[in-house]
Amino acid sequence: MATQSAKPGQRFTLPDWHTNSRLISADAEHQRSASHQVRQEARALRNDTNNRTKWDEHDNQTRLAERISSLNRWKETLDKCLADIDAEIDALAKVKEAAERALQAKNLSLDISIECLTLRESRRAIDVVRDAVEEELHKEVKVIDKAKRELQQRVSEAFKQLCLLQEARQQLGFDQRCKVEALELDRMCLSLNVNSPNISFKVNPTHVPDRTTALDEWEQNSQGNKELAEAEIKASTELREATLLTIAQTNNELEAQRVATEFALRKRIRDMERAYDELKWQEQNTLEEIPEMEEDIRRLDEDLRRKMQDLKVAHTRLEIRTCRPNMERCRDQVQYGLTNEVHQLEGTIRALKQKLTESQDALDALYRQLHRIQTDIGYKARSLVLDNKCMDSRKKLMDSTKKFVSEINTFNETINPELSPLQNGQLELD
């Protein structure tokens, strides 16, 4: 048996149904209108935000490109400045080494001068004279001491300047490395886009990092490092020129003094040789005079002995004649003649004895003079040997000077073309 289904509990009227339909339709119209408004606003917002995002990204891309260009210009400027400061450090180091070699060469000059003074202290007797050579050698020692002080001062100044250059280079190098790192980071930023795999959200990305500097501070720091490097390069260039000038001046002064000393030494050697030759000539003449004097003394002595024998004969005759007897013992011509002969012989003997004494004294004087001449010849020969040793010692100085001058000339020709000096103007940013 069929049953009736359950019916709803409430029944609506037909107007309610129509009213409900109209409400639904009105709500739909309202919702569509609101949706359309939202859609229009969303489209405008999308267009606006897309445009703003694109322009912001474009502006930041441009700013990044400009920043990279600015960083790159500064990097190139610092690279050039680093190259210049490296070249200047190398040049100053070479000049410092040249000054040290010049200072070392002065030790050889000083040793040779002192050696010459010491050698000449071995002279004897009258040859120990304060002559022009000794005065020039003492002047040479003073010139060398002065040159050593000036060169030592230049070496110390070069060492300090090298430290300042190294310090400026460290600052430049640090700044240049920072700019290289910043360039890499900004280029990385410039290469990023929405499709990059390594983009992500970060915590508080807009915070300002510690020790952040302003743009003008950044510019002033790089400019300050550049200007400091340029100032140190300029100071180093001036110091190099002053050091090379000092080396040249000290070498010229020492060379002039060396020439004056050797001129005085050669003159002294010539004077000594003339004195030596004169003494040898005197020695030869004295040696020739001595035998003649000895021969004359021998003859005087023989004559004296003969006169003594003649006097004996005259005395004997007179004595014998005293024995004549009586009237025969008269003062005849023979008596007078013998008496005169005795007086004559006695006077002759006295004259011969006096002359013999004088001759013997003259011979003794000749021997003394010969000894004095030979002694002085020994002194002169010793002095000549010593002064010639001085000349031989100074040949090493001459060879060393020529070698050092050649090295300096080669050094100047080597380093001058290598530098990119600041004389053509300071480094400028393009």
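Under an unreviewed UniProt entry, the protein has the name Tektin and belongs to Chordeiles acutipennis. The Sequence similarities (unreviewed entry) field of the UniProt record for the protein holds the comment "Belongs to the tektin family." What UniProt states about the protein under its Subcellular location (unreviewed entry) heading is, verbatim, "Cytoplasm, Cytoskeleton, Cilium axoneme".

## Looking at the UniProt feature "coiled-coil region" (unreviewed entry) in the protein
In this numbering, the UniProt entry assigns the feature "coiled-coil region" (unreviewed entry) to residues 269–310 and 342–369. A helix fraction of 100% and a strand fraction of 0% characterise residues 269–310, whose end C-alpha atoms lie 60 Å from each other. Annotation note: span residues 342–369, helix share 100%, strand share 0%, distance between end C-alpha atoms 39 Å.

## Considering the packing of helix α1 (residues 14–120) against helix α2 (residues 132–191)
Look at α1 against α2: their axes get within 6 Å of each other, and the N-to-C directions meet at 165°. What the angle tells us is that α1 and α2 run roughly antiparallel. Crossing hand, α1 versus α2: left-handed. Among the residues forming the contact of α1 with α2, the class breakdown is 36 nonpolar, 11 polar and 18 charged.

## Overview of the packing of aromatic side chains
Per the stated rule, a full pass over the model turns up 0 aromatic pairs. Sitting over the ring of W218, R67 keeps its end group 3.9 Å from the ring centre.

## Remarks on the nonpolar core
Ranked by size, the top nonpolar core spans 20 residues in total, and within it C116, V133, L137, L265, I269 and C390 carry the most contacts. Secondary structure elements with two or more residues in this core: α1, α2, α3 (215–321) and α4 (333–418). Leave out the neighbours within four places in its chain, and I269 touches L384, D387, N388 and M391.

## Some thoughts on the pattern of salt bridges
This structure, assessed with the given rule, holds 31 salt bridges. One salt bridge in this structure joins R240 and E88, with 2.7 Å as the shortest N-O distance. Here E88 lies in helix α1 and R240 lies in helix α3, a separation of 152 residues in the sequence. Of the two residues examined, R240 and E88, each falls in the buried class. Here R268 ties to D131 by a salt bridge, and the two come within 3.0 Å at their closest N and O atoms. Linking R268 in helix α3 with D131 in the loop between α1 and α2, this pair joins segments that are 137 residues apart in sequence. You can call D131 buried: its relative accessible area is 9%. Here the salt bridges share partners, and the residues they tie into one network are E255, R258, E262 and R266.

The rules we used
- Residues numbered from 1 in each chain as written.
- Predicted model: local features only at pLDDT ≥ 70, side-chain atom pairs only at ≥ 80, totals over all residues.
- Heavy atoms only, no water.
- UniProt positions renumbered as here; feature names shortened; annotations may be inferred.
- Helix = DSSP H or I, 4+ residues; strand = E, 2+ residues; numbered from the N terminus.
- Axes fitted to C-alpha atoms, helices over the stretch in contact; angles between N-to-C directions.
- Parallel < 35°, antiparallel > 145°, perpendicular 65-115°, else oblique.
- Left-handed = near helix turned anticlockwise from the far one by under 90°.
- Nonpolar A, V, L, I, M, F, W, Y, C, P; charged D, E, K, R; others polar.
- Phe/Tyr/Trp six-rings, centres within 6.5 Å; stacked < 30°, edge-to-face > 60°.
- Lys NZ or Arg CZ within 6 Å of the ring centre and 35° of its normal.
- Core = buried A, V, L, I, M, F, W, Y, C linked by side-chain atoms within 4.5 Å.
- Buried < 20%, exposed > 50% of the residue type's maximum accessible area, 1.4 Å probe, protein only.
- Contact = heavy atoms within 4.5 Å.
- Salt bridge = Lys/Arg side-chain N within 4 Å of Asp/Glu carboxyl O.

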